[in-house]
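# Inside the fold
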Amino acid sequence: MLIVFLIFLVVVSVLLLLSSRNKETFYLAGMCLSLAVMLTGILIFIAKKGGISKELSQFFFLSISNKTKIQYMLILVDQLGYIIAIGRYLFPVFLMLTALNYSMLPVIRNNHKKSWLTFIIPVTTLIVYYPKVFRMLVSYGSKAQTIIISITNYWIVAYVAIAVLLLLIETYSISMWYFRKRMILIDIFIVSIAGLYLLYVGQDPAQVYQFYADDYIWKQGIYYMRATLSIPAYIVILIANLICAVVGIASVTIYTQVNFEANREEVIRQRKFNTISAGTSVFIHSIKNQLLANRVIYKRIGSIYQEDKPDMDKVKEYTDALQINNEFMLSRMNDLYRFVKTNSVHLIPVSIKELLESAREMYLRKYPEGQLEVQYSQGTMVLADINHLCEAIYNLMINAQEAINDANKGNEGGIILCCYNVRLYTVIEVVDNGIGMSKSTLKKIYDPFYSSKNSNFNWGMGLHYVREIVKEHFGTLRCESKIGEGSRFYVLLPKYKE
Amino acid sequence: MRKVLSLFMVLVMIAAFASGCSQGNKSEETGKGTPEVTSAGEDTVEASTPTAAPAELKVITVGYMPNYASMCTVVAGIQMNYFEEQGLKVNLVEFADGPTIIAAMESGAVDIGYIGPGAHKLCIQGKAKIFAFSHYGNADAVIGSASKGVSKIEDLKGKKIAMASGTTSETILNLTLAKGGLTKEDVEILDMDASAIVTAMISRSVDACATWSPNTNSIKEELGSDAVTLTTNVDFTDISPSICSWIANPNYIDANADDILSFTKALYKAMDYRAQEANIDQVVEWVADQVALDVESVAAQKGDGDWETADELIAMINDGSLEKAFQAQQDNFITSGDVKEKVAVSDYVMFQNMLDAAK
């Protein structure tokens, strides 16, 4: 069973590295691999030393024959001990790096480039624990061994404790539930494998190649040979670990999705190109239809003038229709032009108050009866191009209102526009209790020319435009939605520091 | 889905706690924190005495090594119900070597253990006390590979030798090198566990090895005439008697003196049983069954020691020869540097317990 868990750890590490190559996955994979290395060494040691029942042997190795194969594996005690040492001393580093990476404490963010310092103690320990070096050092007396082992145990405990503390602080500090719940899942994953690490970390590598050469480690005994946990207890703990690992990895994937999407940009560029090509065809086709319709109107006007007594009322009707068509076409042209022009934004410090009030004004101009609640704290500033960002927020609010209209909520329908700070971000949130969207719709809403409605007024550039604008502001656009309950759009902008 | 997953995880955690608690209760019932380990012997005890109430028996966990010398006495005692007669129920746990058994005793995982000659230095250092003598062994050996140029002790110079430090393997290697006028600096020692020594020798990764039975038999069987026995314990009987013993942690002995005495009494009966020629084949079968090996390979080990009876043991105590043997063994450890300070043999060998058990 433990062998299965080892394989699982290795597979998880590889999948993490394959799925996304960023710091988070690298550190998490490092944790998994170092734990796998340590447990491998300890399993070999257990197989060779014995001291466990047949039932536990089967639990550890799946079968007695596996245990026998491992038992007769040719490996020197120095090599075996150092395998354990490598896993034992690298795990806390990766755990600490993971915690530092997630932590938003100012003192840590400001010194993020110094995180390599966390390697100093573990690497030094690995040098000290190299069997030849270790024997040379302890040859000066048994006290030297006691001191080395004590210091090592202290820093391991300190690393694990600090890392877990940082993760808890971070989890507690996240006020945005969307991020907090993912952080909790990551915590579960990390704590679960850290727990397994602590279960076996008592195995000092020196016990392997300096077998009980000192009274200090002698007192620790080989506790796992005691089999303090019954087999069912071991199994449930491992099942809990497996569940935690799966849940944690899923959460890591979701949590890093923001970065992941950026990494995938190259991959989806082609898809975008295809979509835009299709969209352009739709655009041309639509404009062509309008022009064809106009041609029909022109012909009709022409035929009216060929009559002896032209019906001027009819002419007026046709020219009005021409004017409406013209406005539609102009509007579409403007939208397309606006999208093309989004590359040129000029970011300056803008007060949130000014931004949101402008958006409110635009919204109320279109929907004077709209139920809108605006919440923000005075004095918050963001770096923004107020025209573009205001337009983007207005777009979100228009979408929200349309969703409310579709849901026929009447007076119960309403929009909340709010702004608050979360860790590194200033978040602008647009909430509606409209019709909501399905998961499959959510995946497509940012695609250009995608629209859930089929009308002249919606041709699918709104959210794509919003997203592009937010990206130009070095921000991220996220959405949560449930059918029948409404939608929640988050514009995450980097927090502005004066 | 997430709610279901959360609920499942909560249940798993509760089950873990419950399981842990139930384990704790089990330990309380047996009176100590030892694991529940089943063994072939245990099954037999229950099968042969269906009327016996298990709750009345004191559970003793015994660490052994998978060889005939280590097991013949205790298995005979289990099968013949000698331990049960003394109110004891023996659970067997297999270990690779003596020092590991002593280490497991330190953590409370094992109550009583069997050790070969090499681990006696740990008893001298106070890690454990010897409460009963088992036998004089002759199964340890240094074996060379003729094809690798090792046919006599002097050939070891500059060669790779596989050894398990802290065990009898190291003891006999030290004696052998000294006999050949060599030191550890003259050879390349590869420190590995007892099982790996067999693999290293068979795969010809080393030129020679120091190990014990049944590893010696396996190596000779695989290498055939290429395996040359350079020395055995018999060559060093005078300077380092190959004593094998029953030991326990000093704290355990202080707290369970009566159990130790009872265990010794059962051992004596088992020693007498194993010593009788007519019973040896039966004991071989029992041992083979316990270690899951074929009878032939276990039978090849039945000459691995002098199987003294209880009376012979008492005679050795009374005439002082046993104490002399222990003293000689200690002197050898001091010579080799494994033991720093000389201690009185009676500090770690419980002669009085051995005498009392015979009454």
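Residues numbered from 1 in each chain as written. Chains lettered and ligands numbered in written order. Predicted model: local features only at pLDDT ≥ 70, side-chain atom pairs only at ≥ 80, totals over all residues.

## Details of the overall build of chain B
Secondary structure assignment for chain B yields 17 helices and 11 strands. Within the span of chain B, comprising 359 residues, buried residues form 52% of the whole. In chain B, of all internal contacts separated by at least 6 residues, the share reaching a separation of at least 24 is 81%. (Helix = DSSP H or I, 4+ residues; strand = E, 2+ residues; numbered from the N terminus. Buried ≥ 20, exposed ≤ 12 C-beta atoms within 10 Å, placed from the backbone. Contact = placed C-beta atoms within 7 Å.)

## Some points on the overall build of chain A
In terms of regular secondary structure, chain A is built from 20 helices and 7 strands. Looking at chain A as a whole, 39% of its 498 residues are labelled buried. When contacts within chain A are restricted to residue pairs at least 6 apart in sequence, long-range pairs at least 24 apart make up 75% of them.

## Comments concerning the packing of helix 3 (residues 68–79) of chain B against helix 11 (residues 257–275) of chain B
Residues and elements named next belong to chain B. Their axes nearest at 8 Å, the elements helix 3 and helix 11 cross at an angle of 105 degrees. Considered as vectors, helix 3 and helix 11 are oriented roughly perpendicular to each other. Here helix 3 contributes Cys72, Thr73, Val74, Ala76 and Gly77 to the contact with helix 11, which in turn contributes Ala266, Leu267, Lys269, Ala270, Met271, Tyr273 and Arg274. Taken together, the residues of the contact of helix 3 with helix 11 sort by class into 8 nonpolar, 2 polar and 2 charged. (Axes fitted to C-alpha atoms, helices over the stretch in contact; angles between N-to-C directions. Parallel < 35°, antiparallel > 145°, perpendicular 65-115°, else oblique. Nonpolar A, V, L, I, M, F, W, Y, C, P; charged D, E, K, R; others polar.)

## Description of the nonpolar core
Residues Leu35 and Leu95 of chain A together with Ile161 of chain B are the most contacted members of the largest nonpolar core, which totals 178 residues. Ranked by residue count, the leading element in this core is helix 5 (residues 77–102) of chain A, at 17 residues. Here Ile161 of chain B is in contact with Leu156, Leu173, Val187, Glu188, Ile189, Leu190, Val206, Asp207, Ala208, Cys209 and Ala210 of chain B, once residues within four sequence places are set aside. (Core = buried A, V, L, I, M, F, W, Y, C linked by C-beta atoms within 7 Å.)

## Topic: the environment of Val62 of chain B
Residue and element names in this part refer to chain B. Among the structural elements, Val62 can be located in strand 1 (residues 58–64). Classification of Val62 by C-beta neighbours within 10 Å gives buried; the count is 26. C-alpha of Val62 to C-alpha of Asp111: the two residues are 49 residues apart in sequence and 6.0 Å apart in space. Setting aside anything within four residues of it in sequence, one finds Val62 in contact with Val74, Val90, Asn91, Leu92, Asp111, Ile112 and Gly113.

## Points about the sheet that holds strand 11 (residues 305–306) of chain B
Residue and element names in this part refer to chain B. Pairing is mixed in the open sheet, where 6 strands are placed in the order 2-1-3-10-4-11. Every interior strand has two partners, whereas the edge strands, strand 2 (88–94) and strand 11, have only one. When strand 3 (residues 112–115) meets strand 10 (residues 243–248), the two strands line up antiparallel, connected through 4 bridges. By the bridge assignment for strand 10, Ile112 is matched with Ala248. Each of strand 1, strand 3 and strand 10 touches helix 5 (residues 98–106); the most contacted strand, strand 3, lies at about 165 degrees to it. (Pairing = 2+ DSSP bridges.)

## Concerning the sheet that holds strand 2 (residues 372–375) of chain A
All names here are of chain A. Pairing is mixed in the open sheet, where 5 strands are placed in the order 2-4-5-7-6. At either end of the open sheet lies a strand with only one pairing partner, and these are strand 2 and strand 6 (476–482). Each neighbouring strand pair of the sheet contributes to a mean axis angle of 15 degrees, computed without reference to strand direction. Where strand 4 (residues 415–422) lies against strand 5 (residues 425–432), 8 bridges are found, and the strand directions are antiparallel. Residue pairing in the sheet places Leu417 in a bridge with Val430 of strand 5.

## Let's talk about unusual backbone geometry
All names here are of chain B. With an omega dihedral of 10 degrees, the bond running from Ser213 to Pro214 counts as a cis peptide bond. By secondary structure assignment, the location of Pro214 is in the loop between strand 8 (208–211) and helix 9 (215–223). Unlike most non-glycine residues, Arg204 shows phi in positive territory, near 60 degrees. Note that Arg204 resides in the loop between helix 8 (194–202) and strand 8.

## Looking at the packing of helix 17 (residues 352–366) of chain A against helix 18 (residues 386–406) of chain A
Residue and element names in this part refer to chain A. Relative to each other, helix 17 and helix 18 sit at 50 degrees, their axes nearing to 9 Å. The orientation of helix 17 with respect to helix 18, classified from their angle, is oblique. The crossing of helix 17 and helix 18 is right-handed. Contacts from Glu354, Leu355, Ser358, Ala359, Met362, Tyr363 and Lys366 of helix 17 reach helix 18 at Ile386, Leu389, Cys390, Ile393, Tyr394, Met397 and Ile398. (Left-handed = near helix turned anticlockwise from the far one by under 90°.)

## Side note on helix 3 of chain B
Residue and element names in this part refer to chain B. Extensive coverage of helix 3 is indicated by the burial of 12 of its 12 residues. All of the buried residues along helix 3 are Tyr68, Ala69, Ser70, Met71, Cys72, Thr73, Val74, Val75, Ala76, Gly77, Ile78 and Gln79. Asn81 lies just past helix 3 and shows a positive phi near 65 degrees.

## Quick word on the environment of Leu6 of chain A
Residue and element names in this part refer to chain A. In this fold, Leu6 is placed in helix 1 (residues 2–19). Remark: the alpha-carbon pair of Leu6 and Leu39, spanning 33 residues in sequence, is separated by 7.3 Å. Leaving out residues up to four positions away in the same chain, Leu6 has contacts with Ala36, Leu39 and Thr40.

## Comments concerning the confidence of the model for chain B
Note that predicted coordinates carrying low pLDDT should not be read in detail. All names here are of chain B. Counting all residues, the mean pLDDT for chain B is 84, and 85% of those residues have values of 70 or more. Here residues 1–54 is modelled with pLDDT under 50, and outside its nearest four sequence neighbours on either side it reaches 66 contacts, counting other chains as well. Interface confidence for the predicted complex, given as ipTM, is 0.76, next to a pTM of 0.69. (pLDDT = per-residue confidence, 0-100.)

## Points about the pairing of strand 4 of chain A
For a regular strand, side chains alternate in direction, first toward one face of the sheet and then toward the other. All names here are of chain A. One ladder, built from 4 bridges, connects strand 2 with strand 4; its direction is parallel. Among the inter-strand pairings, Glu373 is bridged to a residue of strand 4, identified as Ile416. Hairpin connection between strand 4 and strand 5: a loop of 2 residues separates the two successive antiparallel strands, and Arg423 in this loop has a positive phi of roughly 50 degrees.

## Thoughts on helix 2 (residues 23–49) of chain A
Residue and element names in this part refer to chain A. Between its first and last C-alpha, helix 2 extends 38 Å over 27 residues, near the 39 Å set by a 1.5 Å rise per residue. Counting buried residues along helix 2, 24 of its 27 residues qualify, which places the element largely inside the surrounding structure. One or two residues past the end of helix 2 sits Gly50, with phi positive at roughly 75 degrees. (Expected span 1.5 Å × (residues − 1).)

## As for the environment of Ile121 of chain A
All names here are of chain A. Considering the arrangement of structural elements, one finds Ile121 in helix 7 (residues 120–128). Taking the number of C-beta atoms within 10 Å as the measure of exposure, Ile121 has 19 and is therefore partly exposed. When the C-alpha atoms of Ile121 and Tyr89 are compared, they prove to be 9.0 Å apart, with 32 residues separating the residues in sequence.

## Section: the pairing of strand 7 (residues 486–494) of chain A
Residue and element names in this part refer to chain A. The buried fraction of strand 7 amounts to 7 of the 9 residues, a majority that puts the element mostly inside the structure. Here 8 bridges tie strand 5 to strand 7, and the two strands are oriented antiparallel to one another. Bridge pairing in strand 7 links Asp432 to Ser487. Taken together, the 7 bridges between strand 6 and strand 7 define a ladder with antiparallel strand orientation. For Lys482, the partnering residue across the bridge sits in strand 7 and is Gly486. What sits between strand 6 and strand 7 in their antiparallel hairpin is a turn of 3 residues, with Gly484 showing a positive phi close to 90 degrees.

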